[in-house]
Amino acid sequence: MRIQEYLVRQIQTSLDDVVRAARAVPEDKLDWSAGGLARSVLSQMQEIAVSGAFFLPVIRDGSMPELDDHGRRELMRLRQSYDTLEKCVDAAQAGNAALCAVVMDLPDARLDEEVWLPLGGGMNLTVAEVIGKHSWNLIYHLGQINQIQLMLGDRAMH
């Protein structure tokens, strides 16, 4: 198995898992926030809705789009336009499909290329690590959504 296939499987499985967990939350609780300050399931799914498309140019082109004030506002506006869980799911699936297609076509040599990301104070990562970060982010939100389910009294494994 090529590493690209493994990475795509991880992304697809992670997205499937987080979507299944989000759909298990009662619709009237999708905007619920622990203590009124924590992120809701819908807020997290809005991030997931744009994350595949966000990582796409980094993986495809080896550079991250500029995130100046205007770029951040546009990203927030786009996220908030996905105002239902199903809109989030549809956008996430489309973005991830496009991203996975690019990953599958990546030559092996590209996986070792370094990319600078201005996240967390800035970091250099290989393209393979960037792909892994996307999957990691999906899993991170899966854990948050599972915690919300527990706080709402849902003890089932989804």
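Residue numbering note: each chain is counted from 1, following its sequence as written. Local features in this predicted model are restricted to residues of pLDDT 70 or higher, and side-chain atom pairs are both shown and tallied only at a pLDDT of 80 or more, whereas totals for entire chains, interfaces and linings draw on every residue. The basis for the side-chain values is all heavy atoms of the structure; hydrogens and waters are excluded.

A. Examining the overall build of the chain more closely. Regarding its fold elements, the chain presents five helices and two strands. Radius of gyration: over C-alpha atoms. The globule rule applied is 2.2 Å multiplied by the number of residues raised to the 0.38 power. Relative to the globule expectation of 15 Å for 158 residues, the C-alpha radius of gyration of the chain, 16 Å, shows essentially globular dimensions. Per-residue accessibility, obtained with a 1.4 Å probe over protein chains only, is compared with the maximum for each type, and a residue is labelled buried under 20%, exposed over 50%, and partly exposed between these values. Evaluated residue by residue, the chain yields a buried proportion of 42% over its 158 residues. Contacts: residue pairs with any heavy atoms within 4.5 Å of one another. Contacts spanning at least 24 positions in sequence make up 74% of the contacts within the chain whose residues lie at least 6 apart. Residue burial considers only the protein chains on display, and all accessible areas are found by Shrake-Rupley using a 1.4 Å probe. As displayed, the chain offers around 8,600 Å² of accessible surface, 54% of which is attributable to carbon and sulfur atoms. Secondary structure counts use DSSP, requiring at least four H or I residues in a row for a helix and at least two E residues in a row for a strand, with both numbered from the N terminus.

B. Geometry of the layout of surface pockets. With a 1 Å grid laid over protein atoms only, a set of points is called a cavity when a 1.4 Å probe fits there but cannot get out and a pocket when it is open yet has protein on both sides within 12 Å along at least five of seven lines; lining residues have an atom within 4 Å of a point. Grid points are joined across faces, edges and corners, and a volume is the space filled by probe spheres set on the points. For the largest pocket, the calculated volume is near 320 Å³. What lines the largest pocket is a set of 14 residues, among which E47, F54, F55, L119 and N137 lie closest to the centre. Only α2 (41-61), α3 (69-81), β2 (123-126) and α5 (127-151) provide two or more residues apiece to the lining of the largest pocket. Considering each element in turn, the lining of the largest pocket owes the most residues, five residues, to α2.

C. Spatial organisation of the nonpolar core. In this structure, V18, V41, M45, I59, I131 and I145 are the most contacted members of the largest nonpolar core, which totals 44 residues. Put simply, the parts of the chain that give this core at least two residues each are α1 (3-24), α2, α4 (85-105), β1 (114-117) and α5. Discounting residues that sit within four places of it in the chain, I131 has contacts with L7, I11, I59, V103, L106 and L111. Working definition of a nonpolar core: buried Ala, Val, Leu, Ile, Met, Phe, Trp, Tyr and Cys residues. They are joined through side-chain atoms within 4.5 Å.

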